[in-house]
Amino acid sequence: MQVVLQNTERIDDLLTHDLRIIQSEEVFAFSLDAVLLARFCSVPPRGKIVDLCSGNGVIPLLLTTRTKAKIWAVEIQERLADMGRRNIELNQLEDNLHMIHGDLKNVHRTLGASQYDLVTVNPPYLPVPAGEQNRNQHVAAARHEIFCTLEDVVAASAKLLRPGGKMAMVHRPNRLVDIVALMRQYRVEPKRVRFVHPRQGEEAMMVLVEGIRDGKPDLKTLPPLIVHGKDGKYCGELHSVFYGEKSQLDNTDTVMKNSRIEDHNHANSEKL
C-alpha cells in the first residue's frame with residue numbers, strides 16, 4: 001500500500017507481523033512505554049477496544065497482533081490523527097482499526113458509553129509547567145497535561161468501559177497513588193501493577209497498571225520488569241516482545257484467571 005509522506009516523515013518497521021509505521025521525530029515517535037503497554041494489557045480475543053491519547057496509533061497497531069477485536073484510536077491532535085489514519089491504510093487494517101480525531105473528554109458521546117471491553121492509554125506524564133513550555137506544540141502536548149489531566153483520562157476510560165471491562169495505563173511511578181485513587185473514585189478497581197526498572201537495583205522509571213470496571217478489591221503486584229541486563233542489552237523478556245518473538249509480557253495474562261468470573265458476577269450484581 002502506497003501512502004503519501006509529509007515532510008520529515010519516515011516509515012519504520014515495527015518488527016512484528018510485517019507491521020510498519022509512519023513516524024516523525026519532529027511530530028511524534030513512539031517509545032518503549034507504548035510497546036510495554038500493548039504487551040502488558042489483558043486483551044479480549046474479540047470485542048471492542050479503545051486506545052486514548054493514541055498519537056500515531058502505535059498501540060492499536062500492536063494490539064492487532066493479539067486480538068481480532070475492533071479497535072478505535074482517539075487522538076486530539078489533527079496532525080497525529082492523520083498519521084494514524086495513514087498507518088491504518090499502510091498496514092491495510094481498515095476493517096479492524098478506526099482513527100477518531102477528537103477529545104477524550106467527550107468521545108463517549110460519539111463512540112457510546114459502557115460498551116468497551118478494554119481501554120488502553122499512554123497519557124501525558126507531566127503537569128503543565130508554570131514557565132516556558134516546549135516550543136514544539138506536538139511534543140509539549142505528548143509530554144504535558146495540556147489537553148487532558150490524569151483525572152480526565154481515568155474518567156473518560158470509566159465512561160467507555162462496560163462492567164467487567166478493563167483499563168490499562170502506563171505512567172510514571174510517582175503518580176501511582178494518584179492513579180489508584182482516581183481509578184477507585186471512578187469505579188475502576190486496580191488489579192495488576194508492574195514496575196519497569198532500567199537496570200537491576202535501580203529505581204523504577206515506569207509503572208503499568210490495569211483495573212476492572214466495578215471489580216472487587218484484589219491488587220496483584222507482578223514481578224519487576226528489568227529493561228537492560230549487565231551487558232546493556234534488553235533483558236530476555238523485553239527482547240522477546242520488542243522484537244516480535246512474543247505478543248505479550250510474562251506473568252500478566254494468567255494472574256486474574258481465577259478471579260475473572262467472580263469479578264464479572266460482582267459487576268453484574270452491582271447493576272441490579
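Everything that follows concerns the structure shown earlier in this document.
These figures come from a predicted structure and were not determined experimentally. Sequence order as written defines the numbering, with residues in each chain counted from 1. Note on the predicted model: pLDDT of at least 70 is required for a residue's local features to be given, and 80 or more for side-chain atom pairs to be given and counted; whole-chain, interface and lining totals, by contrast, use all residues. Computation of side-chain values covers all heavy atoms of the structure but excludes hydrogens and water.

**Student:** Whenever I open this one, the pairing of strand β8 (residues 188–199) confuses me. Can you help?
**Tutor:** Where a strand is regular, its side chains alternate between the two sheet faces. Three labels apply to residues, based on accessible area from a 1.4 Å probe with only protein chains included: buried if under 20% of the type maximum, exposed if over 50%, partly exposed otherwise in between. For helices the rule is a DSSP run of H or I covering at least 4 residues; for strands it is a run of E covering at least 2, with both sets numbered from the N terminus onward. Burial within β8 is extensive, with ten of its twelve residues counted as buried. Where β8 and strand β9 (residues 206–213) come together, eight bridges link them in antiparallel fashion. Paired with Val-188 across the two strands is Arg-213, which belongs to β9. Note on pairing: DSSP must find at least two bridges between two strands before they are called paired. Between the end of β8 and the start of β9, which pair antiparallel, lie six residues, with Gly-201 showing a positive phi angle near 85 degrees. Here two bridges tie β8 to strand β10 (residues 220–221), and the two strands are oriented parallel to one another. From the neighbouring strand, Val-193 faces β10, where its bridge partner is Thr-221. Relative to strand β11 (residues 225–228), β8 runs parallel, the two sharing three bridges. Opposite Val-196, over in β11, you have Leu-225 as the bridge partner.

**Student:** How should the pattern of salt bridges be read in this particular structure?
**Tutor:** Any two side chains of opposite charge can pair, on the condition that their charged atoms come close. Any Lys or Arg side-chain nitrogen located within 4 Å of an Asp or Glu carboxyl oxygen qualifies as a salt bridge. A complete count under the given rule lists 15 salt bridges for this structure. Here Arg-79 and Glu-9 are joined by a salt bridge, their closest N and O atoms 3.2 Å apart. With a gap of 70 residues between them, Arg-79 in helix α3 (residues 78–90) and Glu-9 in the segment before β1 (10–13) connect regions that are remote in the sequence. For Lys-220, the salt bridge is made with Asp-218, and the minimal N-O distance between the two is 3.5 Å. We classify Asp-218 as partly exposed; its relative accessible area is 30%.

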